[in-house]
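# A structural walkthrough
Okay, here's what each chain looks like letter by letter:
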Amino acid sequence: MPNKPELHPVLVRRINIVLAAMTVANMPMRVTDGVRTAEQQHALYQVGRRGKPGEKIVTKADGYRVKSNHQVHDDGYGHAVDCAFIVGDGLSWTVPDTWWAAYGALCRAAGLRWGIKINDWIDRPHAELPPQI
């Protein structure tokens, strides 16, 4: 039985630094998405493309022709995570813009790429390793 795909160890170290700093700043977060299969990525690709009212496109990667950095790379690892804020007993993506700005600044300071632009929308939960890793 093959091993479960994992996140790249450099990504894990860097995002853990970011999450620890966010906790110290009283804006705790956790990883909500890491490695995805092609099927999982394709399901996300369908969001905003099914004709449902109010639904917006959330990814440009269909999981097959265009792979996401959440999918396993040639090195055997996923290179991206999505994070959310821990608010009360749950998770939230609806927080002040300053919280997202702090997360983005810490991601960049840790050597991660933050916030992929999709049309006129920024995927603020997203952080990934830069291509040279």
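Use the structure listed above.
Since this is a predicted model, take the numbers as computed values, not measurements.

## What about the pairing of strand β7 (residues 121-128)?
- As paired strands, strand β4 (residues 80-87) and β7 are joined by three bridges and run antiparallel to one another. Directly across from Ala-80, in β7, lies its bridge partner Glu-128.
- Remark: two residues form the turn of the hairpin made by strand β6 (residues 113-118) and β7, two consecutive strands paired antiparallel; Asn-119 in that turn has positive phi of roughly 55°.

## Observations regarding the packing of aromatic side chains
- Within the structure shown, the criterion is met by three aromatic pairs.
- Ring geometry for Phe-85 and Trp-99: centres 5.3 Å apart, planes at 55°, overall tilted. Taken as a pair, Phe-85 in strand β4 and Trp-99 in helix α3 (residues 97-109) lie far apart in primary sequence, 14 residues in all.
- Owing to a relative accessible area of 0%, Phe-85 belongs among the buried residues under this scheme.
- For Trp-99, a relative accessible area of 24% translates into the label partly exposed.
- Here the aromatic rings of Trp-100 and Tyr-103 are separated by 6.0 Å at their centres, their planes lie at 70°, and the arrangement is edge-to-face. Residue Trp-100 and its partner Tyr-103 are located together in helix α3, separated by three residues, close to a single helical turn.
- Judged by its relative accessible area of 1%, Trp-100 is buried.
- By relative accessible area, which is 0% here, Tyr-103 ends up buried.
- An aromatic cluster of three or more residues is present, and its members are Phe-85, Trp-99, Trp-100 and Tyr-103.
- Taking the ring centre of Tyr-45 as reference, the NZ or CZ of Arg-49 above it sits at 3.7 Å.

Cut-offs and rules
- Residues numbered from 1 in each chain as written.
- Predicted model: local features only at pLDDT ≥ 70, side-chain atom pairs only at ≥ 80, totals over all residues.
- Heavy atoms only, no water.
- Pairing = 2+ DSSP bridges.
- Helix = DSSP H or I, 4+ residues; strand = E, 2+ residues; numbered from the N terminus.
- Phe/Tyr/Trp six-rings, centres within 6.5 Å; stacked < 30°, edge-to-face > 60°.
- Buried < 20%, exposed > 50% of the residue type's maximum accessible area, 1.4 Å probe, protein only.
- Lys NZ or Arg CZ within 6 Å of the ring centre and 35° of its normal.

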